[in-house]
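The chain contents come next:
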Amino acid sequence: DTFFFRLKFIFGSSAVPALDLVDQRSVTRVRSPSGRTAYQVLGSSGKLYTCYSSCHFCTCPAFGFTVLQKNESLLCKHILAVYLSQAMGACQELTVSEEQLTSILLAEEEDEG
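Keep in mind that what you see is a predicted model, and the values were worked out from it rather than measured.

Undergrad: I tried to follow the packing of helix 2 (residues 15-23) against helix 4 (residues 77-88) on my own but got confused; where do I start?
TA: Helix-helix packing is described using two parameters, namely the angle between the two axes and the distance between the axes. Look at helix 2 against helix 4: their axes get within 8 Å of each other, and the N-to-C directions meet at 55°. With respect to each other, helix 2 and helix 4 are oriented oblique. Crossing angle aside, the handedness with which helix 2 passes helix 4 is right-handed. Mapping the contact onto sequence places Ala15, Pro17, Ala18, Leu19, Leu21 and Val22 in helix 2 and Lys77, His78, Leu80, Ala81, Leu84, Ser85 and Met88 in helix 4. The residue makeup of the contact of helix 2 with helix 4, split by class, is 10 nonpolar, two polar and one charged.

Okay, structure coming up:
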């Protein structure tokens, strides 16, 4: 209980949805043979978002608006779910080729463009 209240105090409204994503095992670490990694999080809407824990970035609209544009939050629920999954050892693992990882990253750019 104390852990939950601390999370909620620090991360506000993102804490409960992030924990739900972790419980649903919605976080996948995508790794290539060279060691490059990205995380994919299946959001509650059913859309797949790509997160980068190394640079603290998510492709979801909430991250762009709430974190980057309005500066109202430290992170979105997807990034928090990535960090919690890492800490709890709850990430799904997926190894892909360099080309597949590149395709995943480029697909996100096409969605934004």
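Undergrad: Would you explain the side chain of Ser26 in this entry?
TA: Position of Ser26 among the secondary structure elements: in the loop between helix 2 and strand 1 (27-31). Using a relative accessible area of 9% as the deciding quantity, one classes Ser26 as buried. When near neighbours in sequence (up to four residues on either side) are disregarded, Ser26 contacts Leu21, Gln40, Val41 and Leu42.

Undergrad: Explanation requested: the side chain of His78 in the structure shown.
TA: As for its position among the elements, His78 is in helix 4. Taking relative accessible area as the criterion, His78 reaches 5% and is therefore assigned buried. Apart from the residues lying within four places of it in its own chain, the contact partners of His78 are Leu21, Val41, Gly43, Tyr49, Cys51, Cys58 and Cys60.

Undergrad: In this structure, what is going on with the UniProt feature "domain: SWIM-type" (unreviewed entry) in the chain? I would like to understand it.
TA: When the UniProt feature table is mapped to this numbering, "domain: SWIM-type" (unreviewed entry) covers residues 49-87. The span residues 49-87 shows a helical share of 51% and a strand share of 15%, and its end C-alpha atoms are spaced 20 Å apart.

Undergrad: How should the environment of Leu101 be read in this particular structure?
TA: Its location among the elements puts Leu101 in helix 5 (residues 98-112). Along the chain, Leu101 and Leu74 lie 27 residues apart, while their C-alpha atoms are 27 Å from each other. Residues within four places of Leu101 in sequence aside, it is in contact with Val30, Ser32, Arg36, Ala38 and Val96.

Undergrad: Help me out: how do you make sense of helix 2 in this one?
TA: What sets the pattern is the α-helix's 3.6 residues per turn: residues three or four places apart point alike. Those residues of helix 2 that sit buried are Ala15, Ala18, Leu19, Leu21 and Val22. Angularly, the buried residues of helix 2 cover 155° about the axis, an arc narrow enough to put them on a single face. In this fold, the buried residues of helix 2 make contact with helix 1 (2-11), strand 2 (37-42) and helix 4. Once helix 2 ends, the next one or two residues include Arg25, with phi positive near 55°.

Undergrad: It is not clear to me how a nonpolar patch on the surface should be interpreted in this structure. Could you clarify?
TA: On the surface, Phe9, Ile10 and Leu74 cluster together into a nonpolar patch covering about 400 Å² of accessible area. Topologically, Phe9 is positioned in helix 1.

Undergrad: Teacher, can you tell me more about the nonpolar core here?
TA: Soluble, globular proteins show a tendency: their nonpolar side chains are buried together. Formed by 24 residues in total, the largest nonpolar core has its most connected members in Val27, Cys51, Cys58 and Leu84. Counting only elements with at least two residues in this core, the list comes to helix 2, strand 2, strand 3 (48-52), helix 3 (61-69) and helix 4. Contact partners of Cys58, with chain neighbours within four places excluded, come to Tyr49, Thr50, Cys51, Phe63, Cys76, His78 and Ile79. Judged by nonpolar contacts, the second largest core, of six residues, contains Ala38, Tyr52, Leu101 and Ile104.

Conventions we followed
Residues numbered from 1 in each chain as written. Predicted model: local features only at pLDDT ≥ 70, side-chain atom pairs only at ≥ 80, totals over all residues. Heavy atoms only, no water. Axes fitted to C-alpha atoms, helices over the stretch in contact; angles between N-to-C directions. Helix = DSSP H or I, 4+ residues; strand = E, 2+ residues; numbered from the N terminus. Parallel < 35°, antiparallel > 145°, perpendicular 65-115°, else oblique. Left-handed = near helix turned anticlockwise from the far one by under 90°. Contact = heavy atoms within 4.5 Å. Nonpolar A, V, L, I, M, F, W, Y, C, P; charged D, E, K, R; others polar. Buried < 20%, exposed > 50% of the residue type's maximum accessible area, 1.4 Å probe, protein only. UniProt positions renumbered as here; feature names shortened; annotations may be inferred. Arc of directions from axis to C-beta. Patch = residues over 30% accessible without salt bridge, like charges linked within 9 Å, V, L, I, M, F, W, Y side chains within 5 Å. Areas by Shrake-Rupley, 256 points an atom, 1.4 Å probe, with all protein chains shown as cover. Salt bridge = Lys/Arg side-chain N within 4 Å of Asp/Glu carboxyl O. Core = buried A, V, L, I, M, F, W, Y, C linked by side-chain atoms within 4.5 Å.

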